[in-house]
Amino acid sequence: AQTVTQSQPEMSVQEAETVTLSCTYDTSESDYYLFWYKQPPSRQMILVIRQEAYKQQNATENRFSVNFQKAAKSFSLKISDSQLGDAAMYFCAFVQGAQKLVFGQGTRLTINP
Amino acid sequence: DTGVSQDPRHKITKRGQNVTFRCDPISEHNRLYWYRQTLGQGPEFLTYFQNEAQLEKSRLLSDRFSAERPKGSFSTLEIQRTEQGDSAMYLCASSPYPPRTGELFFGEGSRLTVL
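To start, this report covers the structure provided alongside it. (Residues numbered from 1 in each chain as written. Chains lettered and ligands numbered in written order. Predicted model: local features only at pLDDT ≥ 70, side-chain atom pairs only at ≥ 80, totals over all residues. Heavy atoms only, no water.)

## Let's talk about the overall build of chain B
Going by this rule: Numbering of helices and strands runs from the N terminus; a helix is a DSSP stretch of H or I covering at least four residues, while a strand is a stretch of E covering at least two. All radius of gyration figures rest on C-alpha atoms, and the globule criterion is 2.2 Å times the number of residues raised to 0.38. Note on classification: 1.4 Å probe, protein chains only; a residue is buried when its accessible area is under 20% of the maximum for its type, exposed when over 50%, partly exposed between these limits. Contact definition: two residues touch when any of their heavy atoms are within 4.5 Å. Accessibility throughout is a Shrake-Rupley quantity obtained with a 1.4 Å probe, and a residue counts as covered only by protein chains that appear here. Counted as positive: Lys and Arg. Counted as negative: Asp and Glu. His and the chain ends are not counted at all. Each charge is placed at NZ for Lys, CZ for Arg, CG for Asp and CD for Glu.
Across its full length, chain B holds 0 helices and 11 strands. Listed by position from the N terminus, the elements making up chain B come as β-β-β-β-β-β-β-β-β-β-β. In terms of overall size, chain B behaves like a compact globule, its C-alpha atoms giving a radius of gyration of 13 Å where 115 residues would be expected to give roughly 13 Å. Here chain B, with 115 residues, has 48% of them falling under the buried criterion. Considering only contacts in chain B between residues 6 or more positions apart, those separated by 24 or more positions represent 53%. Of the roughly 5900 Å² that chain B leaves accessible, carbon and sulfur atoms contribute 44%. Charged side chains in chain B number 15 positive and 14 negative. The centres of these two groups are separated by 5 Å.

## Brief notes about the state of the cysteines
Definition in use: The disulfide definition used here is simple: a pair of cysteine sulfur atoms within 2.5 Å.
On inspection of all chains with the given rule, the structure shows 2 disulfides over all chains. The disulfide bridge from Cys23 of chain A ends at Cys92 of chain A, spanning 2.0 Å between sulfur atoms. Across the S-S bond linking Cys23 of chain A and Cys92 of chain A, the dihedral sits near -70°, which makes this disulfide left-handed. Taken together, the residues Cys23 of chain A in the loop between β3 (19-21) and β4 (24-26) and Cys92 of chain A in strand β10 (residues 88-95) connect sequence positions 69 residues apart. With respect to burial, Cys23 of chain A and Cys92 of chain A carry one shared label: buried. A disulfide bridge connects Cys23 of chain B with Cys92 of chain B, and the sulfur atoms are separated by 1.8 Å. An S-S torsion of about -70° defines the bridge between Cys23 of chain B and Cys92 of chain B as left-handed. Here the residue Cys23 of chain B occupies a position in strand β3 (residues 19-24), and Cys92 of chain B occupies one in strand β9 (residues 88-95), the gap between them amounting to 69 residues. Each of the two residues, Cys23 of chain B as well as Cys92 of chain B, counts as buried.

## Remarks on the interface of chain B and chain A
Here is the rule: Summed over both partners, the accessible area (1.4 Å probe) lost when two parts come together is defined as the buried area. The term salt bridge refers to a side-chain nitrogen of Lys or Arg lying within 4 Å of a carboxyl oxygen of Asp or Glu. In protein, a polar contact means a hydrogen-donor-capable atom and an acceptor-capable atom, both N or O and within 3.5 Å, with residues adjacent in sequence counting only if both atoms are side-chain atoms; elsewhere, any N or O pair within 3.5 Å suffices.
Facing the 23 residues of chain B at the interface are 20 residues of chain A. Taking both partners together, chain B and chain A bury about 1600 Å²; carbon and sulfur atoms supply 54% of that area. Counting across the chain B and chain A interface gives 2 salt bridges. The shortest N-O distance in the salt bridge between Glu103 of chain B and Arg50 of chain A comes to 3.2 Å. Counting across the chain B and chain A interface gives 7 residue pairs in polar contact (both at pLDDT 80 or more). Elements with a contribution of two residues or more to the side of chain B that touches chain A: β4 (31-37) and β5 (44-50) of chain B. Looking at the side of chain B that touches chain A element by element, the count peaks at 4 residues for β4 of chain B.

## Observations regarding the environment of Thr20 of chain B
Inspection of the secondary structure assignment puts Thr20 of chain B in strand β3. A C-alpha to C-alpha distance of 16 Å links Thr20 of chain B and Leu115 of chain B, two positions 95 residues apart in sequence.

## Notes on the nonpolar core
All names here are of chain A. Worth spelling out the cut-off: Note on terminology: a nonpolar core comprises buried Ala, Val, Leu, Ile, Met, Phe, Trp, Tyr and Cys residues joined through side-chain atoms within 4.5 Å.
Of all hydrophobic cores here, the largest spans 26 residues; its most connected members are Tyr25, Trp36, Phe75, Leu77 and Tyr90. At the level of secondary structure, the elements contributing two or more residues to this core comprise β3, β5 (33-39), β6 (46-52), β8 (64-69), β9 (74-79), β10 and β12 (107-112). Setting aside residues no more than four positions away along its own chain, Phe75 makes contact with Leu21, Ser22, Cys23, Tyr25, Leu34, Phe35, Trp36, Gln51, Val66, Asn67, Phe68 and Cys92.

## Digging into the pattern of salt bridges
Counted by the stated rule, this structure contains 9 salt bridges over all chains. Residues joined in a network through salt bridges with shared partners are Arg64, Glu83 and Asp86 of chain B.

## Observations regarding the sheet that holds strand β8 (residues 75-79) of chain B
Residues and elements named next belong to chain B. Our working rule: Any two strands with at least two DSSP bridges between them are considered paired. A fitted line through C-alpha atoms serves as each axis, taken over the contacting stretch for helices, and the angle formed by two N-to-C directions is quoted from 0 to 180°.
Pairing in this open sheet of 4 strands is antiparallel, and the strands run β1-β3-β8-β7 from one edge to the other. Since the sheet does not close on itself, it has two edges, and those belong to β1 (5-7) and β7 (65-68), each with one partner. Neighbour to neighbour, the strand axes of the sheet diverge by 15° on average, direction disregarded. Alignment of β3 against β8, held across 5 bridges, turns out to be antiparallel. Residue pairing in the sheet places Phe21 in a bridge with Leu77 of β8.

Taken by themselves, the reported measurements are silent on function.
Take a look at the structure:
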């Protein structure tokens, strides 16, 4: 079974600084998707960034980028120029084929003004 | 609004009562998922449908839980004889099938508190 591990329950960063959230996963498959979802307090989960496993190039969405290391089964999220609105729970997630999404335990990110 | 909607957003009930949650997915999405999320944890898969067929159920889904999607559109999740351990956020998500990107689109959740 696929598993996703986020080893940092909480992280904090100063506004305008850069922070990296870690994620590792376990699978025997070679073709899959990885995601980072953001869940603000009392609000719905929204997609931050997506990575296809067959792509070697790391995905980037504005201030958000990933470091995808397929051999190491590592998928970290870097947030540059952190803003107060980035404060949320961040979940790493994995899906293979048309199966269900599997989530990590989450990292609570605090932005210090 | 064409997103996933869930109702009610909050439900407080006494132990032993039955509760039902409803989810309306994005209209063109034929897959619908239910997840449970406890405080400070990641969502845990409960079950999913493709159209009206329930394709998978988690071991987390005890016999007190039942989910339906009778016409392949909205879905209901019923919990019978609620227990305090059922207190959680129940998340619904939808996606197209065949999948285009693997992404799920989530509703805002239904928070259950069992007293």
